[in-house]
Amino acid sequence: METRLNFFVALARDFLRSKRGNVAMMFAIALVPLMIGAGAGLDFVRAMMVRQQMAEALDAAALAVGSTPGLDQATAQALAQQYFDANYTVDKTMYGTVTIQPPIYDAKGSVSLTATNSMPTVLMKLAGITDVPVSTTSTVVWGQTKLWVALVLDNSGSMCQPDPQPCFNSGNAATKIYQLKDATKKMLTSLQAVSTTPGDVRVAIVPFNSEVDVGTGLVSASWLNWSDWDAAPKDSSGVTITGSYTIPKTNLPFDAYGPHDDCPFTTTVTNPINKKSTTSEDAPFGFGCQKNPNNNSGNVAAGAGASPIPPSGLICPTANSAAYSKDHLARYYNGCWSSTQIPGATVQVSSGAGATCGGFSPVNCSCSNNVCKTQKWSHVWVPNDHASTWSGCIADREQDYDISNTSPSGSDATGFPAANSTNSVTSKECMSGKVTPLEYDWSDLAAQVKNMQAKGSTNQAIGVAHGWIMLTPNGPYGTPALPANTTRYIILFSDGLNTQNRWWGDGRTEGTPDDDKIDNRMELVCDAAKADGVVIYTLYVHTAVGAPPSPPLQNCASDASKYYNLTSSSQIAAAFADITKKITNVRVSM
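In this text the structure is predicted, and so the values were computed from the model without any measurement.

Caption draft 1: Structural view of the overall build of the chain. On a plain count of helices and strands, the chain comes out with 12 helices and 22 strands. When the 590 residues of the chain are sorted by exposure, 49% land in the buried category. Residue pairs in contact within the chain that sit at least 24 positions apart in sequence constitute 70% of those at least 6 positions apart. Here the chain has roughly 26,200 Å² of accessible surface; of this, 54% comes from carbon and sulfur atoms.

Caption draft 2: Highlighting the packing of aromatic side chains. What the rule picks out here adds up to 19 aromatic pairs. For the pair Trp-223 and Phe-416, a centre-to-centre distance of 5.3 Å together with 70° between the ring planes defines the contact as edge-to-face. Residue Trp-223 is located in the loop between strand S7 (212-213) and strand S8 (224-225), and its partner Phe-416 is located in strand S17 (residues 416-417); the two are separated by 193 residues in the primary sequence. Exposure remark for Trp-223: the relative accessible area of 9% places this residue in the buried category. Arranged with centres 6.3 Å apart and planes meeting at 35°, the rings of Phe-416 and Tyr-477 form a pair that is tilted. A residue pair is termed long-range when its members are at least 10 positions apart, and Phe-416 in strand S17 and Tyr-477 in the loop between helix H9 (460-470) and strand S19 (487-494) qualify at 61 residues. A residue is classified by how much of its surface remains accessible, and Tyr-477, at 9% relative accessible area, is buried.

Caption draft 3: Region of the structure containing the nonpolar core. Counting 43 residues, the largest nonpolar core has Leu-224, Trp-390, Ile-490 and Leu-492 as the members making the most contacts within it. For this core, the leading source of residues is H9, giving seven residues. Among all residues touching Leu-224, those that are not within four sequence positions of it are Leu-218, Val-219, Trp-390, Ile-394, Gly-410, Ser-411 and Phe-416. Listed in part, the 35 residues of the second largest apolar core include Leu-191, Trp-442, Val-449 and Ile-583.

Caption draft 4: Spatial organisation of the sheet that holds S19. If you walk across this open sheet you meet the six strands as S18-S6-S5-S19-S20-S21, and the pairing is mixed. The open sheet terminates on both sides in strands that have one partner only, identified here as strand S18 (436-439) and strand S21 (563-566). Averaged over all pairs of adjacent strands, the angle between strand axes in this sheet comes to 15°, irrespective of strand direction. Note that strand S20 (residues 535-541) and S21 share four bridges and pair parallel.

Caption draft 5: Molecular detail of unusual backbone geometry. For the bond from Gln-399 to Asp-400, the omega torsion is 5°, close enough to zero to count as cis. The phi angle at Asn-485 is positive, at roughly 60°, despite the residue not being glycine. Looking at where Asn-485 falls in the secondary structure, it is placed in the loop between H9 and S19.

Caption draft 6: Here's a closer look at a nonpolar patch on the surface. There is a patch of nonpolar side chains on the surface, built from Leu-42, Val-122, Leu-123 and Leu-126 and spanning about 330 Å² of accessible area. One can find Leu-42 in helix H2 (residues 21-66). Residue class for Leu-42 comes out partly exposed when judged on its relative accessible area of 41%.

Caption draft 7: Here's a closer look at the pattern of salt bridges. The final tally for this structure, using the stated rule, is 12 salt bridges. Note that Asp-182 and Lys-186 form a salt bridge whose closest N and O atoms lie 3.3 Å from each other. A residue pair is termed a helical-turn pair when its members lie 3 or 4 positions apart in one helix, as Asp-182 and Lys-186 do in helix H5 (residues 176-194) at four residues. The shortest N-O distance in the salt bridge between Arg-502 and Glu-398 comes to 3.0 Å. Here the residue Arg-502 occupies a position in the loop between S19 and helix H10 (513-531), and Glu-398 occupies one in the loop between strand S16 (393-394) and S17, the gap between them amounting to 104 residues. On the basis of relative accessible area, Arg-502 is assigned to the buried category, the value being 7%. Within this structure, Asp-228, Glu-398 and Arg-502 form a network of salt bridges that share partners.

Caption draft 8: Main features of the state of the cysteines. For the coordinates displayed, the defined rule picks out five disulfides. Between the sulfur of Cys-263 and that of Cys-289 lies a disulfide, 1.9 Å long from S to S. Handedness of the Cys-263-Cys-289 disulfide follows from its S-S torsion of about 75°: it is right-handed. Placement of the pair is Cys-263 in the loop between strand S10 (252-253) and strand S11 (289-290) and Cys-289 in strand S11, with a sequence separation of 26 residues. Note on cysteine connectivity: Cys-526 is disulfide-linked to Cys-556, with sulfurs 2.1 Å apart. On the sign convention where negative means left-handed, the S-S torsion of about -80° between Cys-526 and Cys-556 marks this disulfide as left-handed.

Caption draft 9: Region of interest: the sheet that holds strand S15 (residues 371-383). Strand order in the open sheet made by the three strands is S13-S15-S14, with antiparallel pairing throughout. Edge positions in the sheet fall to strand S13 (335-351) and strand S14 (365-368), since each has one partner strand and no second. Across the sheet, the mean angle from the axis of one strand to that of its neighbour is 20°, orientation sign disregarded.

Caption draft 10: Just the packing of H5 against helix H12 (residues 572-584), in detail. Where H5 meets H12, the closest approach of the two axes is 9 Å, and the angle between their N-to-C directions is 25°. Judged by the angle between their axes, H5 and H12 are roughly parallel. In the packing of H5 onto H12, the handedness of the crossing is right-handed. Contacts between H5 and H12 involve Lys-176, Gln-179, Leu-180, Ala-183, Thr-184, Met-187, Ser-190, Leu-191 and Val-194 on the former and, on the latter, Ile-572, Ala-573, Phe-576, Ile-579, Thr-580, Ile-583 and Thr-584. Here the residues of the contact of H5 with H12 are counted per class, giving 10 nonpolar, five polar and one charged.

Caption draft 11: Expanded view of the packing of H5 against helix H8 (residues 442-450). The geometry of H5 relative to H8 is characterised by a closest axis approach of 9 Å and an angle of 170° between their N-to-C directions. In terms of their interaxial angle, H5 and H8 are classed as roughly antiparallel. Touching Lys-181, Thr-184, Lys-185, Leu-188, Leu-191 and Gln-192 of H5 are Trp-442, Leu-445, Ala-446, Val-449 and Lys-450, all from H8.

Caption draft 12: Looking closely at the environment of Gln-53. Mapped onto the elements of the fold, Gln-53 is located in helix H2. Judged by relative accessible area, Gln-53 falls into the partly exposed class, the value being 29%. With 35 residues separating them in the primary sequence, Gln-53 and Tyr-88 have C-alpha atoms 6.6 Å apart. Apart from residues lying up to four places away in sequence, Gln-53 is in contact with Tyr-88, Thr-89 and Val-90.

Reading the values: rules and limits
- Residues numbered from 1 in each chain as written.
- Predicted model: local features only at pLDDT ≥ 70, side-chain atom pairs only at ≥ 80, totals over all residues.
- Heavy atoms only, no water.
- Helix = DSSP H or I, 4+ residues; strand = E, 2+ residues; numbered from the N terminus.
- Buried < 20%, exposed > 50% of the residue type's maximum accessible area, 1.4 Å probe, protein only.
- Contact = heavy atoms within 4.5 Å.
- Areas by Shrake-Rupley, 256 points an atom, 1.4 Å probe, with all protein chains shown as cover.
- Phe/Tyr/Trp six-rings, centres within 6.5 Å; stacked < 30°, edge-to-face > 60°.
- Core = buried A, V, L, I, M, F, W, Y, C linked by side-chain atoms within 4.5 Å.
- Pairing = 2+ DSSP bridges.
- Axes fitted to C-alpha atoms, helices over the stretch in contact; angles between N-to-C directions.
- Patch = residues over 30% accessible without salt bridge, like charges linked within 9 Å, V, L, I, M, F, W, Y side chains within 5 Å.
- Salt bridge = Lys/Arg side-chain N within 4 Å of Asp/Glu carboxyl O.
- Disulfide = S-S within 2.5 Å.
- Parallel < 35°, antiparallel > 145°, perpendicular 65-115°, else oblique.
- Left-handed = near helix turned anticlockwise from the far one by under 90°.
- Nonpolar A, V, L, I, M, F, W, Y, C, P; charged D, E, K, R; others polar.

Written out as structure tokens, the structure is:
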């Protein structure tokens, strides 16, 4: 045994010392699996790197598809491939061409994309393996599934720019109103897409200028306040004008004026609030007379003009210019005084050698023995009918209900005051775009956006107030109880500065103390809504070169990241899309 053992030891020693070719062949044979193993490791490392690049590019593609509603499968796949190719920078000749599979939408509204690739091998080709399959999947979900969104949208006349005024319902794609409507409709489509269950996402629309339009269909609503509408005009001191009221211009009672006589009222003033007139005539009214009652009421006054008073005896005031009184700033008085002759009663209008019936018709006035007298009339203020003449617009509530979400109850200070407005630029301001309470009838919401037109002046505060009330349960708009895990948003869009509300401004008061007062009301209502838990995004679009940002809109936003300063109407759509992504929280599922 020992001899044999010594023999094998010697043989092994000789084998190891041998330098003949058979040893090299054995090492070569052993090297093949070693190289295949090393090649497999290298190619698998390459595959892992490619997969990482594919995953990052696919996430971007999935986010693009997930945040773009209304896509069919083929279009979604093409969009995904487009975004993937833009973000995938790997050399396709060395690492293969990636294919995006058709997207998969699940019942919860998420979307999944899968990318596949056959990566060419390098060293594994020695073993006959020419490629390695690589795939990755990305799923996009919406983190926020329950949303209440109030779209508070500026419909003032400047939204027509650059069209000549007034453009109203401009079809010019360059105008701000056109771009706003287009961006809003796209946002509605996106919000519909993320609503996995009907009602999870609800939207309210609040078009505004100096007022908001709730629609004439609500004429019988218990929360409308008709006090201002029905009230007879007052002078600058707040005195209601009745028959015994003394007209300063003539120092005669109002009941001296009747059919065919000159109008006793005029907008000419001595020391007006707006300081735009310095004439000497004392007429503290801020309104004159017009031929017919405003709002096309049934009480049509006959006659050729506002002065003389028509034969019907209807004395119909014009809109209040607010030269003296803020009581009906730039709004119509909704009614007329009737005139009924008091038999046998007269009023002396002048006396002396130069006595005359000047201003009074000879039908009513006559002179005798240097004394001129005219018929005496009984005047009764007759408000216009609500149902047939109201345009649907309402003004700011009484302060401080104008900055609260207190539910209105009607004729007291909490009620929404019915009003028909006018100003010197656009005539009646009541809009075509009406408020739309929270709903998820997406077709109806889109139709309401289509109806929006641009006219009138700007009062952002009333828009915010009604947007907030839309998001308040059990209010006048039928808002339901707030579901759990629901976030409330106001998205406020405007193109300008506040220039008119119920008490201040005339639509042309940029940079005046009046605007500061309106801005203050806006700040108060924005702060109150935010304190109530409402998240506010604001957008300001200005097309003037070098125009500064809007401090009121900056202050109204919940934080600096939620304020958008736009310098072109073409930027509106992108800004709305960005807000949509933020509030729906589109994200890649981990």
